[in-house]
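Fold and geometry: a report
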Amino acid sequence: MGSDFGVKDAAGKVMQTVAEVQEEVPGKAPTQVRTEKELTRVVIIGGGACGMAAATKIRRQSDFKITVLSSDSHTAYSHCGIPFVLGREIENFEKLIVKPPGFFRGKNIDAKLNEKVRSINLARKVVLTGRRTYPYDKLVIATGSLPFIPRKSEANILPYGSFTLRSLADGKLFGKALETAQTVCIVGGGIIGIECASALTKRGIKTILITRSKDLLSSQFDSDMAAIVRAHLETLGVEVITGEPLFLPENFWKEKTVYVKDRHFTADLMLLATGIKPEVCLASEAGLDIGKAGGIVVNEMLQVKAGEEFLSNVYAGGECAEVTDLLTGESRLSQLGTTARRMADVIGNNITGKYSTFGPLADPWVAVAGDLHFGGVGLTPEQVKRQGIKVINGFSRGRTRASYYPDRKDIYIKLFFKDGDLAEAQLAGAQLAGGEGIKERIDALSLAIRKKTTIKDLLNLETCYAPPVSMLVDPLIPAVKAAVRNMRETKTE
Ligand SMILES: Cc1cc2nc3c(=O)[nH]c(=O)nc-3n(C[C@H](O)[C@H](O)[C@H](O)COP(=O)(O)OP(=O)(O)OC[C@H]3O[C@@H](n4cnc5c(N)ncnc54)[C@H](O)[C@@H]3O)c2cc1C
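Given the structure is predicted, the values throughout are model-derived calculations rather than measurements.

Thoughts on the overall build of the protein
The number of helices and strands found in the protein is 13 helices and 26 strands. Against the globule reference of 23 Å for 493 residues, the protein gives a C-alpha radius of gyration of 25 Å, in line with a compact fold. For the protein, the residues scored as buried account for 44% of the 493 residues in total. In the protein, 68% of the contacts between residues at least 6 apart in sequence involve partners at least 24 apart.

In structure tokens:
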């Protein structure tokens, strides 16, 4: 492994002296205050899904001195639950706090909230906030992402009445504003925009969802699958406008109006759910490598790279770090809580001397809007084609329960295989939508992709059955058979 800027890590067991937190004096290196007890100092930047999980993992496996620095005002909460509080399915935002600050104090994890890190000095092995300097032996960068805002102005404050949704504090602020809102315009047709649109209509707020892409979920779903999600939102009462770009109207606070091509809409509030970008400023300014996908470059132990070398004492995980795609082998981002959590385990193991690696991802995801569950795994057909490989697809529409069983729901399944014969054509991706049974099937298909399952394997798939949970022939099977038919047709063309 590469340099760690002067401190050798003898099998992770070198005893370090503890330097207490120092007041920051510009231009002056902090003096080390030695204590009797010699503990490894771990500093974690970011108290979100990856940072806090890494802290607890390290605590379970060591007596290291752990400090978490977070610019957030809350810690250890579920971002994923925010749309469901907005929709009043969950009573309030406090319910999303999975572990209160006292939990971490009890575990001797020093979590400092509202403390933004300004810079990392790799040579001195210190992290600087506006207030203090924190020396470290091991550093974890888990700074997540920042909202991406389509905007012409350079201003860094959003106009009054417009919101983003990245943290619990954002959720609370937006939730408060919603109390008096009658019409809301959501910009962005991705998962968060869709989940929030469904939530707001559920509580009687007129909601307009605008995306510049031709379809909703443009980077995850084919047009036909996106149309199912759109139809569902429209049934709920959401006005969906696609293919119409919208830049942040800087005078929204005054006019309460958004303009698309030939139309305009008045709204009390605007939610910008226009995507996110990795928060890599600190890493980049410290001289760490940023990859083509825009995240911090890491090796399989999740150690960061500076020039030619990976640093044995600095790790990055969660949305700010790049991952490797299981099917293309290329670097990309994974913007999922599940990924952040798994990365935290790997970082925690490596920091405490238990060697662990983080492999390539198929990135299964699922979302819920009203009664519709939708999700996918692996590549979209466009992504497969970009590899120069032809795609065979198979689609089926089935039901989630036996024909006589009450409350059965529709389920739509689309599978993608790389071109080849029956025994060669491997599953490359899947898109599913329906009233239930989506998550379990996506998880199974995720394993199938990982295991390089072919059409032939899936034709022989044995599935289980009971009337309240499935049809006798699982709806997956007709999708596989449709792919076989499509394959034969392309071969005879
Ligand atoms: C509304 C919403 C719904 C979601 N739903 C799902 C879902 O259903 N399923 C799913 O898998 N994922 C979901 N996600 C994504 C998931 O929440 C993220 O992928 C996950 O939180 C990423 O973890 P992270 O640790 O990388 O970043 P975060 O959890 O965002 O944590 C980053 C932390 O770094 C801090 N930070 C940044 N810069 C600094 C600095 N300079 N100094 C100090 N601290 C700093 C931030 O304050 C923050 O606390 C959702 C996200 C949102 C916003």
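Regarding the site of the ligand
Taken together, 32 residues lie around the ligand, and Gly46, Gly48, His79, Gly144 and Gly318 are the ones closest in. Put simply, the parts of the chain that give the shell around the ligand at least two residues each are α1 (49-61), α2 (82-86) and α9 (337-351). Taken together, the residues that form the shell around the ligand break down as 14 nonpolar, 13 polar and five charged. Each of two domains, domain 1 (36-147 + 276-351) and domain 2 (162-272), supplies a minimum of three residues to the shell around the ligand.

Some thoughts on the domain arrangement of the protein
Domain boundaries in the protein define domain 1 (36-147 + 276-351), domain 2 (162-272) and domain 3 (365-488). Taken over C-alpha atoms, the centre of domain 1 sits 34 Å from the centre of domain 3. Opposite the four residues of domain 1 that make contact, domain 3 presents seven residues. Class assignment for the residues of the side of domain 1 that touches domain 3 results in three nonpolar, one polar and no charged.

Comments concerning the sheet that holds strand β25 (residues 410-418)
Pairing is antiparallel in the open sheet, where five strands are placed in the order β22-β23-β26-β25-β24. With one partner strand each, in any of the chains shown, β22 (365-369) and β24 (391-399) form the two edges of the open sheet. On average, each strand axis in the sheet is tilted by 10 degrees relative to the strand beside it, whichever way the strands run. By the bridge criterion, six bridges tie strand β23 (residues 372-378) to strand β26 (residues 427-434) in an arrangement that is antiparallel. Pairing of glycine 375 across the sheet is with leucine 432, part of β26. Of the strands in this sheet, β22, β23, β25 and β26 touch helix α6 (residues 223-236), which is tilted by about 15 degrees from β26. Here helix α11 (residues 438-450) sits on the sheet in contact with β22, β23 and β26, set at roughly 5 degrees to β23.

Quick look at the UniProt feature "domain: Pyridine nucleotide-disulphide oxidoreductase dimerisation" (unreviewed entry) in the protein
If you check UniProt for "domain: Pyridine nucleotide-disulphide oxidoreductase dimerisation" (unreviewed entry), the listed places come out as residues 370-470 in our numbering. This span, residues 370-470, is 23% helix and 33% strand, and a straight line between its end C-alpha atoms measures 21 Å.

Section: the packing of helix α5 (residues 191-202) against α6
At a minimum axis distance of 9 Å, the contact between α5 and α6 shows a crossing angle of 20 degrees. Judged by the angle between their axes, α5 and α6 are roughly parallel. As α5 packs across α6, the resulting crossing turns out to be left-handed. The residues of α6 that touch α5, namely those facing Ile194, Ala197, Ser198 and Thr201, are Val229, Leu233 and Leu236. Split into classes, the residues belonging to the contact of α5 with α6 amount to five nonpolar, two polar and no charged.

Examining the pairing of strand β16 (residues 269-272)
Residues in a regular strand point their side chains to alternate faces of the sheet. Across the two faces of β16 the burial is the same, with Leu269 and Leu271 and Met270 and Leu272 all buried. Here two bridges tie strand β10 (residues 162-163) to β16, and the two strands are oriented parallel to one another. Across the sheet, serine 162 pairs through a bridge with methionine 270, a residue of β16. The sheet contact formed by strand β11 (residues 183-187) and β16 spans four bridges and is parallel.

Description of the UniProt feature "domain: FAD/NAD(P)-binding" (unreviewed entry) in the protein
Sites flagged by UniProt as "domain: FAD/NAD(P)-binding" (unreviewed entry) map to residues 41-331. Summarising residues 41-331: 24% helix, 26% strand, and an end-to-end C-alpha distance of 31 Å.

A closer look at the confidence of the model for the protein
Averaged over the protein, the pLDDT score is 91; the fraction of residues at 70 or greater is 92%. Low pLDDT (under 50) marks residues 1-31, which in the prediction has 61 contacts with non-local residues, meaning those over four places away or in another chain.

As for the sheet that holds strand β18 (residues 303-306)
Taken together, the six strands give an open sheet; going across it, the order is β4-β3-β2-β8-β19-β18, and neighbouring strands pair in mixed fashion. The sheet is open, and its two borders are formed by β4 (109-112) and β18, each paired with just one other strand. When strand polarity is set aside, the average angle formed by the axes of neighbouring strands in this sheet is 30 degrees. Pairing geometry for strand β3 (residues 65-69) and β4, over four bridges, is parallel. What sits directly across from valine 68, in β4, is alanine 111. Sheet contacts for α1: β2 (41-45), β3, β4 and β8 (138-141); angle to β3, the most-contacted strand, approximately 175 degrees. Packed on one face of the sheet, α9 meets β2, β8 and β19 (309-316) and runs near 115 degrees to β19.

Focus: the environment of asparagine 313
Within the secondary structure layout, asparagine 313 lies in strand β19. Judged by local crowding, asparagine 313 falls into the buried class, with 24 C-beta atoms found within 10 Å. The spacing of asparagine 313 and leucine 139 is 174 residues in sequence and 6.3 Å in space, taken between C-alpha atoms.

Thoughts on the nonpolar core
Grouped burial of nonpolar side chains is what soluble globular proteins tend to show. One finds Ile141, Val229, Leu271, Ile296 and Val304 to be the most contacted residues of the largest nonpolar core, which totals 130 residues. Residues within four places of isoleucine 296 in sequence aside, it is in contact with Ile141, Val280, Ala283, Leu288, Ile290, Val304, Ala316, Cys320, Ala321 and Glu322.

Considering the environment of alanine 226
Along the chain, the position of alanine 226 falls in helix α6. Here alanine 226 falls in the buried class, since 23 other C-beta atoms lie within 10 Å of it. Taking the C-alpha atoms as reference points, alanine 226 and glutamine 431, 205 residues apart in sequence, are found 9.7 Å from one another. Not counting residues within four places of it along the chain, the set of residues in contact with alanine 226 comprises Asp215, Leu216, Leu217 and Phe221.

Rules used in this analysis
Residues numbered from 1 in each chain as written. Predicted model: local features only at pLDDT ≥ 70, side-chain atom pairs only at ≥ 80, totals over all residues. Helix = DSSP H or I, 4+ residues; strand = E, 2+ residues; numbered from the N terminus. Rg over C-alpha atoms; globule rule 2.2 N^0.38 Å. Buried ≥ 20, exposed ≤ 12 C-beta atoms within 10 Å, placed from the backbone. Contact = placed C-beta atoms within 7 Å. Near = placed C-beta within 6 Å. Nonpolar A, V, L, I, M, F, W, Y, C, P; charged D, E, K, R; others polar. Domains from an automatic or database assignment. Pairing = 2+ DSSP bridges. Axes fitted to C-alpha atoms, helices over the stretch in contact; angles between N-to-C directions. UniProt positions renumbered as here; feature names shortened; annotations may be inferred. Parallel < 35°, antiparallel > 145°, perpendicular 65-115°, else oblique. Left-handed = near helix turned anticlockwise from the far one by under 90°. pLDDT = per-residue confidence, 0-100. Core = buried A, V, L, I, M, F, W, Y, C linked by C-beta atoms within 7 Å.

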